[in-house]
Amino acid sequence: MRPPKSLPSIVNITNGTFYRTFPGSSNLHPNPPLFNNLNFSIPSAVDPPTHWYVVGPSLSGKTTFLSLLRGRLFCDPPRARSFTYGQAHDDAKSGSRPSRLPDQMIQYVGFNGGDALGGGGPTAAAYLAARYESKREITDFSLRDFLLGNTELNALEKRDQPSDGAHFERVVRDLGLQPLMDLPVTSLSNGQGRRARIARALLNKPEVLLLDEPFMGLDPPTVAGLSPLLRDMASTASPRLVLTARPQDPIPDWITHLLYLRADCQVGAMGRKEEVLDELRAYVKGVSSGASKEDDKLAVHNLVHLGKTLTAKGISGKTLMEEAVPEAAESTSFQENEPQKSLGEPLVEMDGCRVAYNGKVVLGNWKQQDADGQEKEGLVWTVRRGERWGIFGPNGSGKTTILSLICSDHPQTYSLPIRLFGRSRLPEPGSGKLPLTIWDVQSRIGHSSPEIHQLMPRSLTVRQVLENAWADTFRSKARLDRQRGKKVAAVLRWFEAELNPSFATTTRQANGAKHLKWAGHYLFGELSFSAQRVALFLRAIIKNPDVVVLDEACSGMDDGVRNKCLLFLEHGENKTYVTRDDGSEAIVESEISKGGDVRVGGLTEDQALICISHVREEIPDCVREWVCLPEANTENPARFGRSRAPLGRDEKGWMEIWGMGGGA
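A quick note: this is a predicted structure, and the numbers were derived from the prediction, not measured. (Residues numbered from 1 in each chain as written. Predicted model: local features only at pLDDT ≥ 70, side-chain atom pairs only at ≥ 80, totals over all residues. Heavy atoms only, no water.)

Peer 1: Explain the sheet that holds strand 6 (residues 106–110) here, please?
Peer 2: Paired through backbone hydrogen bonds, the strands of a sheet run either parallel or antiparallel to each other. Taken together, the 6 strands give an open sheet; going across it, the order is 6-7-8-3-10-11, and neighbouring strands pair in mixed fashion. Unpaired on one side and paired on the other, strand 6 and strand 11 (267–272) mark the two borders of the sheet. Here the average twist between neighbouring strands, direction ignored, is 15 degrees. Taken together, the 5 bridges between strand 6 and strand 7 (residues 208–212) define a ladder with parallel strand orientation. Residue pairing for strand 7: Ile106 is matched across the bridge by Val208. (Pairing = 2+ DSSP bridges. Helix = DSSP H or I, 4+ residues; strand = E, 2+ residues; numbered from the N terminus. Axes fitted to C-alpha atoms, helices over the stretch in contact; angles between N-to-C directions.)

Listed below in structure tokens is the structure:
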């Protein structure tokens, strides 16, 4: 009796090198070889299970790697990549399997803002501030329509039932979507929307599911809820999973294989999870002790937070740096109980804000006392000049709704007791003050958020995105003068490494004016996701607005880029990072500051900062005041407090905000 013939891999790559465009063709942009001589495969056998975690800093090519697995990049030689498992299989003994294309076998789900739930319809171009309003547009598709594929405006026919009802019901049940089926997809919270996208991909019965940074931008409780759903899929290997993540993201305990990408779109380490972690741990220890030299494409600072594990009970374990250099975990120092500064006039005043749609309260479902001790329905909150606030709470608790009220994107702004810059949005009889217009508000607020990212025209150049801070709309002409032009040039020079796709330190030109031509050449849509986030972050702060609003503004950036942005937020060109001889980083006065040529100086005492983040390392050090919103419809009040230290370095304070105990 002959032994059973092993099934071919779902995707198999043998000594393949990849290109974004056809190698050798004329192209305005660089077309370097990616993942040289790559060997990689995803087996069709389900025992033992194989689940990959692709980790790397921004610009390392995580999304690009997923694209090549789908057959989207040019492969050299072409036969180095094969999808033979998808070919028709007609062995009479083992049964038949219909032929499937790579796009059918391998499904991709991205969470970086470019994959809107509307299925590509016009809802992708609308603000989501009033997402819980009653359905008014034909583009407000329900979750059921989204899952069935009924998202075309002029469809010849619509599907009322899935082709496989049992599979449909099982996916909906397993992902906990039953109560949401009749809601518009625009009403779903961040975590619910991710489950919806995963569900639609699973309905196609893929062999492999590619999830591009599924935990990015989620609050700790939502991450704790989503990971078990993925773990259950992993336990049955239906489908096999490939996840991408940033180095600072914890690794789910059910992951079997790890692939770490270098900064130049090449593989740094690959194999079984523990073997790769051991290899990287030895590298970090060797560089930290001076026994080995650091590879500039495998920066240690991008590895220091790697290594923690995401379990059913939360995050556990130590980072590679904590294991390699134990004293590093104890070296963090900061000034506790920083004295409060004298504050200026109120910039934002909410005197009992309660937002509800069709009887459903999405913000302010509680009673709260104001400064005079009077009880009010809803949120009572004041932001003054000089204050630095963090807004926290579970996904769907109303954080983005608060920001939409402040930025006057929300239709209920006009009917609620809100004052901005001492004025109302409606006429105040007898006050002698004119009502605020939307242009007044936008000229005094700098705003970066996933919604802004979604709406920013991809056809603008990098320079135009920054200049757009002084424009009335995304496509209107910016009001520039000599001083503003110098600010834009200064920011472009300071962040060229993060914004210029063809940046190389060895080819930098000394002539500043000539050197900045790249900013008028590259389009916003041509930048990586991380670079787009950097551009929008800088757009929000470059004009020194009265209020800076940052909603998940650093999400998608790696540690180094994020730290540079946060330092620039507070100090502008005055401070910079330098690397010491032992590999550690320090903040020092910049050469520009010493020369007295600073154009952008960072936050001032006349400005207020409001930020939202679910990752404590993404919170600026200057943030001290915080408000934590309760889960929607619990009737629990919002909690207010003041952190004793920078939250990015105070895990105990961070855990206390979330009501999760004393922390580590």
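Peer 1: Just to check I follow, could you spell out the pairing of strand 10 (residues 257–261) for this structure?
Peer 2: Across a regular strand the side chains alternate sides, sitting on one face of the sheet and then on the other. Of all 5 residues in strand 10, 5 are buried; the element is thus mostly enclosed. Relative to strand 11, strand 10 is paired through 5 bridges, and the arrangement is antiparallel. Bridge pairing in strand 11 places His257 opposite Arg272. With antiparallel pairing between neighbouring strands as the criterion, strand 10 and strand 11 make up a hairpin whose turn holds 5 residues, including Cys265 at a positive phi of roughly 60 degrees. (Buried < 20%, exposed > 50% of the residue type's maximum accessible area, 1.4 Å probe, protein only.)

Peer 1: How do you make sense of the side chain of Arg246 when you look at a structure like this?
Peer 2: If you trace the backbone, Arg246 turns up in the loop between strand 8 (240–245) and strand 9 (251–252). Here Arg246 falls in the buried class, since its relative accessible area comes to 3%. At 2.8 Å, the side chain of Arg246 forms a polar contact with the side chain of Glu618. Leave out the neighbours within four places in its chain, and Arg246 touches Val55, Gly56, Glu213, Cys554, Gly556, Met557, Val615 and Glu618. (Polar contact = N/O pair within 3.5 Å; in protein donor to acceptor, adjacent residues only side chain to side chain. Contact = heavy atoms within 4.5 Å.)

Peer 1: Explain the side chain of Ser404 to me, please; I cannot follow it from the model alone.
Peer 2: One can find Ser404 in helix 9 (residues 399–406). Take Ser404: its relative accessible area is 5%, and that puts it in the buried class.

Peer 1: It is not clear to me how the packing of aromatic side chains should be interpreted in this structure. Could you clarify?
Peer 2: By convention here, two paired aromatic rings are described through the distance between centres and the angle between planes. Throughout the structure, instances matching the rule amount to 9 aromatic pairs. Centre to centre, the rings of Phe22 and Phe74 are 5.6 Å apart; their planes meet at 85 degrees, and the pair counts as edge-to-face. Here the residue Phe22 occupies a position in the loop between strand 1 (11–19) and strand 2 (34–42), and Phe74 occupies one in strand 4 (residues 74–76), the gap between them amounting to 52 residues. On the basis of relative accessible area, Phe22 is assigned to the exposed category, the value being 52%. Here the aromatic rings of Phe40 and Phe65 are separated by 5.3 Å at their centres, their planes lie at 90 degrees, and the arrangement is edge-to-face. Remark: Phe65 occurs in helix 1 (residues 62–69) and Phe40 occurs in strand 2; sequence separation between them is 25 residues. Judged on exposure class, the residue Phe40 and its partner Phe65 are both buried. Through successive ring pairs, a cluster of aromatic residues spans Phe35, Phe40, Trp52 and Phe65. (Phe/Tyr/Trp six-rings, centres within 6.5 Å; stacked < 30°, edge-to-face > 60°.)

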